[in-house]
Every structure is written in structure tokens, then in C-alpha cells.
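Analysis of the macromolecular model
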Amino acid sequence: MVQQSAPPESAADVVIIGGGIIGASTAFHLAEAGAGSVLVVERGEEAAGSSGKPIGGIRAQFSDPLNIALGQRSLEAWRAFVHRPGADIGVDRAGYLFLLGSEEEVATCERAVVVQRGLGVPSRIITPREAHELCPYIDPGSLVAAAYSPADGHALPRAAVHGYLRAARRLGVRVRTGSAVTGIEVADGKVRAVRTTAGTVRTGAAVCAAGAWSAEIGAMAGVELPVTPLRRQIAFTGPLAPAPPRIPFTIDFDSTLYFHNDRAGGLLLGFSDPRQKPGFEREFSREWLTPFRAAALRRAPALASMEVRGGWAGLYEMTPDRDALIGRAQEVDGFWYATGFSGHGFLQAPAVGEVMRDLYLGRTPFVDVGPLSAARFRDGPGTRTENHII
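None of these values were measured; they are calculated from a predicted model.

1. Digging into the environment of Glu307
Among the secondary structure elements, Glu307 is positioned in the loop between helix H8 (301-304) and strand E17 (310-318). With a relative accessible area of 55%, Glu307 lands in the exposed category. For Glu307 and Ala241, which are 66 residues apart along the polypeptide, the C-alpha to C-alpha distance reads 12 Å.

2. Brief notes about the pairing of strand E4 (residues 96-100)
In terms of burial, E4 is a largely internal element, five of the five residues being buried. Burial of E4 is two-sided: the residues Tyr96, Phe98 and Leu100 facing one way and the residues Leu97 and Leu99 facing the other way are all buried. Pairing of E4 with strand E6 (residues 145-149) involves five bridges; the strand directions are antiparallel. Residue Leu99 lies in a different strand from E6, and its bridge partner there is Ala146. Bridge analysis of E4 against strand E14 (residues 249-252) gives four bridges, and the strand direction is parallel.

3. Things to note about the packing of aromatic side chains
Evaluation of the coordinates by the stated rule reveals 13 aromatic pairs. With a centroid separation of 4.8 Å and 80 degrees between ring planes, the pair formed by Phe81 and Tyr164 is classed as edge-to-face. Here Tyr164 lies in helix H5 (residues 157-170) and Phe81 lies in the loop between helix H2 (65-79) and E4, a separation of 83 residues in the sequence. Judged by its relative accessible area of 2%, Tyr164 falls in the buried class. Taken together through their ring pairs, the aromatic side chains of Phe28, Trp78, Phe81, Tyr164 and Phe346 make up a single cluster. Geometry around Phe62 places Arg59 over its ring, the cationic atom sitting 4.2 Å from the centre. The lysine or arginine in question, Arg73, covers the ring of Phe366, its NZ or CZ lying 4.3 Å from the ring centre.

4. Thoughts on the nonpolar core
The biggest cluster of nonpolar side chains holds 52 residues, and the ones touching the most others in it are Ile16, Ile21, Ile22, Trp78, Val173 and Ile326. Listed by contribution, the elements that provide at least two residues to this core are strand E1 (14-17), helix H1 (21-32), strand E2 (38-41), H2, H5, strand E19 (335-339) and helix H9 (345-361). Ignoring sequence-local partners within four residues, the contact set of Trp78 consists of Ile21, Ile58, Ile89, Val91, Ala160, Tyr164, Phe346, Leu347, Ala349 and Pro350. By size, the runner-up hydrophobic cluster in this structure holds 28 residues, among which are Val41, Val194, Leu325 and Ala374.

5. Some words on the packing of H1 against H5
Contact geometry for H1 and H5: axes closest at 8 Å, N-to-C directions at 30 degrees. When the axis of H1 is compared with that of H5, the two are roughly parallel. Taken as a pair, H1 and H5 cross one another with a handedness that is left-handed. From H1, Ile21, Ala24, Ser25, Ala27, Phe28 and His29 reach across to H5, where they touch Ala160, Val161, Tyr164, Leu165, Ala167 and Ala168. A breakdown of the residues in the contact of H1 with H5 according to their chemical character gives ten nonpolar, two polar and no charged.

6. Some details on the packing of H2 against H9
Running from N to C, H2 and H9 cross one another at 90 degrees; their axes reach a closest spacing of 7 Å. Classed by the angle they form, the pair H2 and H9 counts as roughly perpendicular. For the pair H2 and H9, the contacting residues are Asn67, Leu70, Gly71, Arg73, Ser74, Ala77 and Trp78 in the first and Phe346, Leu347, Gln348, Ala349, Pro350, Ala351 and Glu354 in the second. For the contact of H2 with H9, a count of residues per class yields eight nonpolar, four polar and two charged.

Criteria and thresholds
- Residues numbered from 1 in each chain as written.
- Predicted model: local features only at pLDDT ≥ 70, side-chain atom pairs only at ≥ 80, totals over all residues.
- Heavy atoms only, no water.
- Helix = DSSP H or I, 4+ residues; strand = E, 2+ residues; numbered from the N terminus.
- Buried < 20%, exposed > 50% of the residue type's maximum accessible area, 1.4 Å probe, protein only.
- Pairing = 2+ DSSP bridges.
- Phe/Tyr/Trp six-rings, centres within 6.5 Å; stacked < 30°, edge-to-face > 60°.
- Lys NZ or Arg CZ within 6 Å of the ring centre and 35° of its normal.
- Core = buried A, V, L, I, M, F, W, Y, C linked by side-chain atoms within 4.5 Å.
- Contact = heavy atoms within 4.5 Å.
- Axes fitted to C-alpha atoms, helices over the stretch in contact; angles between N-to-C directions.
- Parallel < 35°, antiparallel > 145°, perpendicular 65-115°, else oblique.
- Left-handed = near helix turned anticlockwise from the far one by under 90°.
- Nonpolar A, V, L, I, M, F, W, Y, C, P; charged D, E, K, R; others polar.

Set out below in C-alpha cells:
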């Protein structure tokens, strides 16, 4: 049972809804900038939602300048995290390797690499042989090429959440766990208060960083946030003998099969099962191993027969075009949102925290996030899907 911390203050300048990586980053950046009193409310424990169970990838290999900029800015922050805000989050710059099995996939990634390199990402297209040298598990005969960036890698999401929140507390932020939001009071078109199971907090600014639960939070304020929960699962091999070589975060472009080193002498294995239906189910099931093993047989046959010792499931917060929702609600003054990252929330969190800070303070962010406004869905399904590399 989640333990409820002390009742929240009766007032705050900003109430952040969600104690995951986006809420934690936003809280830290607001506090660091002296943005007033900040309160984080979390229905469970810190990092109890999706942030406690992501795969930890950090990268800038995207297809469009906006996502590349968010990834690049965040990579810089992750590398410096041990100094600011001050925590070891196990950053491993092992690189990211996308496996390409067709000329069409190669052409897609070649276009992306041109954009990436123009923005300072050291990515490149490499041969199947070079890919195999980086990751001996893959079958080079199944590939046409691969896309690789040595600057990317992975880190520990839960440690990052705790690191941000520890620093935020030192700067005066209050974090209240076990406090579910039950309503948002709006009067004359403005946010006036946030109601929680621990009491009502008067505020003029509410930030929705509730991940997969954001649609419900938005509805409380009369703001439509098209976010749908979708279960994603990973598994662990446990320690292997001999221990696996250090490999990049490796992803099959076509099937989404992915794997990388864990910190226990084994491998983390993942796969986005296309059969998965939307919902809040968060129990690990071995059923998804069947399509995972089928995909592994095509690209990395050695993985197909590996014993799985255990695993877990978490939730992606999906939008219709698989791009984030970042901005300020047009219909309700004082309601902000940073959600719907569709699997990219952890890797973009430092940059998003900066953006939310600047938007709140009336500054110009380092990148224009206007295209990520929820308003893009008002007249249709959105138009950014084609901009994605996984």
C-alpha cells in the first residue's frame, strides 16, 4: 500500500501533477530558476508509473529537427547529471544501432542522417559487417545496412527521477506522494485550485506530467489531451556466461526488437508487440516472447533461444501521431502539459524540463515546441507521424 506523505500546503505557485521523470525535471528546472513555490503531487511513489519501468535509452537519432534538438539537449544534460543536479545515473555511452533490412529503410535513415549531422549528431550509415563488429549477436547476412551514432546510449531512469527530486527538494520544492488528484477547479477560464486526496491546493498554475493518465487529468480542467496507455514489456536474461560484450543499444528498424547490456552481466530484451491493445494493464506476460523470438531469429538468432529469467511491463503514453504534447492550454489559463511522449519521455526529459520552465516564466525556449501543442489534433489526427525513426 502506498504511504501518504504529509498533507500538501494549502497553496502553491505551481502544482505539478506526476512524480515521474517529466514532473521531476520540470520541478527541478522551475526551482533552480526561482519560479516560486512548487509542489509535486504523485498518486503513488516517486517513479511509480512509467518512469520506473522504461528501457533507459538516450539518443538524438530522430528524423525531424525538433525531436533531434530535444534529444541533443537532453544528451548533454544526462552526461553532466553527476554535476547538475548531482547524481550518478549510470550513463553508458554505448551508442545506438538501428538495423536496416531493406533499401527503403536505408533510404529513410540516410535522409535522417543528413538532418542529424546538420544539427551536430555524429550519426552515419554503416555496413552490415561494421554493425556485426559493434554487436556480434546480429546476423549481418540479414541486413542491408545499419544506422549508428556513438554519442547515444542508455542510463538508469529511476535513479534520474530520484536525482532530480532530491535536488528539487534542496531548492524548496515539496513532493507529496500518495496524493491522487481528484479534480482541478477552474473559474472564469483560469485554474484556481487542484484537489487531491490529501486536500485542496490553491494555485494559478497546474502542470500535467501524468503520463499515461494524462487524458483524465486534462479532462478535469476541460482540456483534451489525446493520450492512450499502451503496455510495453521487457525481459532480462540474468547473468550470462561468458558475460556479453559491451554492445550498442540495438534496434531492428522493422520489427522494433531491441536489446542492450544490463548491469547484471546479462542482456535486456524488448519488443513492441503489435498485438497489444490499449489499456492500463501492467502485468508481465511471457506471451510476447513468441513474436520477440520470431523477430530475433531474423536479426539476432542467438537471442531467440536465450533463457529469460524475468521481466516487467510498463505503459507508453501514446498520442495519435506518436509525438509529445508540450505547451500551455489555449482554452484554460494556467493549465500546462508535458505528456504523450510515446516512449521518448525519459530521453527528452531534461530538455522538456527546460522548455516548461521557460514557457512558464515567459522566456523563449531553446527550441520552438509550438508544433507539439495539443491544438494540432483539433481539426484532425495530427501530421507528424512520418517524422519518426522508432
